[in-house]
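So the chains spell out like this:
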Amino acid sequence: MDRVSAFEEPLRKLLGGPTAKVMAEHLDLHTVGDLLHHYPRRYEERGRLTALTDLPLDEHVTVVAQVADARVLTFNGGRGKRLEVTLTDGHGRLQLVFFGHGVHKPHKDLLPGRRAMFAGKVSVFNRKMQLAHPTYQLLDAASADDAEATEAVDAFAGKLLPIYPACKQLDSWRIAKAVDAVLPSAREAVDPLPEALREGRGFTSLPEALLKIHRPATKADVTEARDRLKWDEAFVLQVALARRRYADTQLPAAARRPVPGGLLDAFDAKLPFTLTDGQRKVSGEIFDDLATEHPMHRLLQGEVGSGKTMVALRAMLAVVDAGGQAAMLAPTEVLAQQHHRSITEMMGELAEGGMLGGSDQGTKVVLLTGSMGTAARRQALLDLVTGEAGIVIGTHALIEDKVKFHDLGLVVVDEQHRFGVEQRDALRSKGKQPPHLLVMTATPIPRTVAMTVFGDLETSVLDQLPAGRSPIASHVVPAKDKPHFLSRAWERVREEAENGHQAYVVCPRIGDDEDGPAKKKGKKAAEEEADKRPPLAVLEIAEQLAKGPLHGLRVEVLHGRMQPDDKDDVMRRFAAGDVDVLVATTVIEVGVNVPNATAMVIMDADRFGVSQLHQLRGRVGRGSAPGLCLLVTEAHEASPARARLSAVAATLDGFELSRIDLEQRREGDVLGQAQSGVRSSLRVLNVIDDEEVIAAARQEAVAVVAADPGLEHLPELRTALDALLDKEREEYLDKG
């Protein structure tokens, strides 16, 4: 068997169908290579028990502990049986519970003093942590004929015991046995690091690293293996990005330089405020890029409300000055309309080029969305193809084949993470030459993530808020534990309205049975879901508020299933102050700007991600009055969800929150499903802690690609690129 094919061998050939099926469906592991790159999460040491005091709620855990006591209890007049087992690690205690026919074997096995590995999902019952029906494997002397247990004891004795990321259907120790079956193939691993680099940095070989990470004899083995594997991940990814950047420098583009005394100067002269230092600095970086003859690829990240739109608009005006056109792609119709409204207001008569009363220096600013009337749409398309419109703002409708430009010079993508690769690429392909690209996001990204996820883009950061922005106070409202807190929240909303301000109430879903009728469930599934009520809905909450605590206030709804004209009408009336409380879905998450809105109540806040909560909160405090954001939740006080909300309430610093978000998702996909739609190749690299590794790997990758752009002399590295960055991800990086 050749070296590559050993790693590509399907797991079902070595492990059998049922095990391979579970691995494929629940762990996304399909080949020998996949399993060899499924590294242990941590290691247990002989003689050291896991701390039972800080187990995460609602997570699947593996613990090694000793049985303190076990007792069978009866209920239902003796008809039902329950086995309760208490585990100890010398510091804390954990309860196990088994029901019905499932009590017999554990009652025989789990005698006081026995030591075992247990796996299950942590829950709370009667204020105590417990595992219900966990699977287990005995680790001390069991009956002589229990070969599997004896084997486990041998594996455990005097060694570091690997604990793998597992799932309900496959425990850590069964994954360990599967790894044993494929481990010999590790010796055939193709080493991607160039020999000079490997020797220069003193790394162990890849086969050795794989053997040591799965079956370490000492802690030093683990460190040595991790150091090497981290480098592989960082380096191969940075090589892909460096090749992308190199290829971009080879593309031609038209240089777009602002014209003195042109549209940009006229716009700057009528601004009623001065730009922040940050806005000036970032604009300078963008103008320098636009003046070059290869396409700009720049990421502009800035806190909510830091003035990104102003910076993007000035870049678009510079391109119009230079004879080109600029297109801004927004993720929703509400946001496209909002951008169009605010840009035409900021530009005044400069946005009415060629119209009666418009400025001689002006240009046309058109809106293009999927729901526009035929006549308006036809006019917009005509203005684009003739070059009459210098600026177009639109949704994915901009991407359709019918849309033709006279000379597209700049594409601005707002909220980059909301778009698929193909959508951005389709818009960029509409230029005679590749247009310049400016990607904007209000989701702050730590430097290390910018170097990995957006490593093919140059990065600009706006971290200064414009003068006049107000602080936002944030509080968690535990609706289940303290219902009077929720009553007080509605009182606060009423107080804001009575003081002439407005409020948002955000819910996770629309309501009105959007998910279709509930499917029939078995009794067990129904019991499991009894405490998981559906997320709160806009239509229901709006009705309850209008009839109850906010009776007498003008309450309106806004959600994605409304007709575009109705949405626009509601937003206009809210902006004009004719609506007191807007009950909405996350359709208001980005770009909506109503300075008079001072309060926001987010229902079921634990169902939103950290960056989403931060984005939503950024809709208030946009004027001179202070903002208030209330995060309503029924999450348990000890739950990770509650910790997440407390973190959001504790800081307004988006970069700090993005670090917290990453720390909580550190086993998740760094490149993110939203980014590439495929599984991440990053398994040991931690984008928070490994900044030095990533920076050094980036430096080495740039040098390697500069010397050999096609990697002609590094076939092993090319093979690793193909394996680690499969076709879909390579295309994602290509399209940037």
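Residues numbered from 1 in each chain as written. Predicted model: local features only at pLDDT ≥ 70, side-chain atom pairs only at ≥ 80, totals over all residues. Heavy atoms only, no water.

A. A look at the overall build of the protein. If you tally the helices and strands in the protein, you get 28 helices and 21 strands. Within the protein, the fraction of its 736 residues that count as buried is 54%. In the protein, the proportion of contacts linking residues at least 24 apart, taken out of those at least 6 apart, comes to 74%. Put simply, the protein shows about 32,900 Å² of open surface, and 50% of that area lies on carbon and sulfur atoms. (Helix = DSSP H or I, 4+ residues; strand = E, 2+ residues; numbered from the N terminus. Buried < 20%, exposed > 50% of the residue type's maximum accessible area, 1.4 Å probe, protein only. Contact = heavy atoms within 4.5 Å. Areas by Shrake-Rupley, 256 points an atom, 1.4 Å probe, with all protein chains shown as cover.)

B. Broad picture of the packing of aromatic side chains. Under the criterion given, the structure shown has 5 aromatic pairs. Summarising the aromatic geometry, the rings of F203 and W231 are spaced 5.6 Å apart at their centres and angled 50° between planes, so their arrangement reads as tilted. Residue F203 is located in the loop between helix 8 (195–200) and helix 9 (206–214), and its partner W231 is located in helix 10 (residues 219–250); the two are separated by 28 residues in the primary sequence. Judged by centre distance (5.1 Å) and plane angle (55°), the rings of Y504 and F574 are tilted. Here Y504, found in strand 17 (residues 502–506), pairs with F574, found in helix 21 (residues 564–575); they are 70 residues apart in sequence, far enough to count as distant. Among the aromatic residues, ring-to-ring pairing joins F98, F118 and Y136 into one connected group. (Phe/Tyr/Trp six-rings, centres within 6.5 Å; stacked < 30°, edge-to-face > 60°.)

C. How the structure looks around the environment of A635. Examined against the element boundaries, A635 turns out to sit in the loop between strand 21 (627–633) and helix 23 (640–650). For A635, a relative accessible area of 14% gives the class buried. Excluding residues within four positions of it along the chain, A635 makes contact with D606, A641 and R642.

D. Examining the packing of helix 9 against helix 10 more closely. For the pair helix 9 and helix 10, interaxial distance at closest approach is 8 Å and the crossing angle is 130°. In terms of orientation, helix 9 lies oblique with respect to helix 10. Relative to helix 10, helix 9 is oriented so that their crossing is left-handed. The residues of helix 10 that touch helix 9, namely those facing L206, A209, L210, K212 and I213, are D221, E224, A225, R226, R228, L229 and D232. When the residues that make up the contact of helix 9 with helix 10 are grouped by side-chain class, the tally is 6 nonpolar, no polar and 6 charged. (Axes fitted to C-alpha atoms, helices over the stretch in contact; angles between N-to-C directions. Parallel < 35°, antiparallel > 145°, perpendicular 65-115°, else oblique. Left-handed = near helix turned anticlockwise from the far one by under 90°. Nonpolar A, V, L, I, M, F, W, Y, C, P; charged D, E, K, R; others polar.)

E. Region of interest: helix 20 (residues 538–547). Looking at helix 20, one finds that the buried residues are V538, I541, A542 and L545. What you see down the axis of helix 20 is that its buried residues fit within an arc of 100°, all on one side. Where helix 20 is buried, its residues contact helix 18 (483–498), strand 17, strand 18 (555–558) and strand 19 (581–584). (Arc of directions from axis to C-beta.)

F. Region of the structure containing the packing of helix 22 (residues 610–617) against helix 23. In the contact formed by helix 22 and helix 23, the axes pass within 10 Å of each other and the chain directions differ by 35°. Here the hand of the crossing between helix 22 and helix 23 comes out right-handed. Within the contact between the two elements, helix 22 uses V610, L613 and R617 and helix 23 uses R644, L645, V648 and A649. Its residues assigned to classes, the contact of helix 22 with helix 23 comprises 5 nonpolar, no polar and 2 charged.

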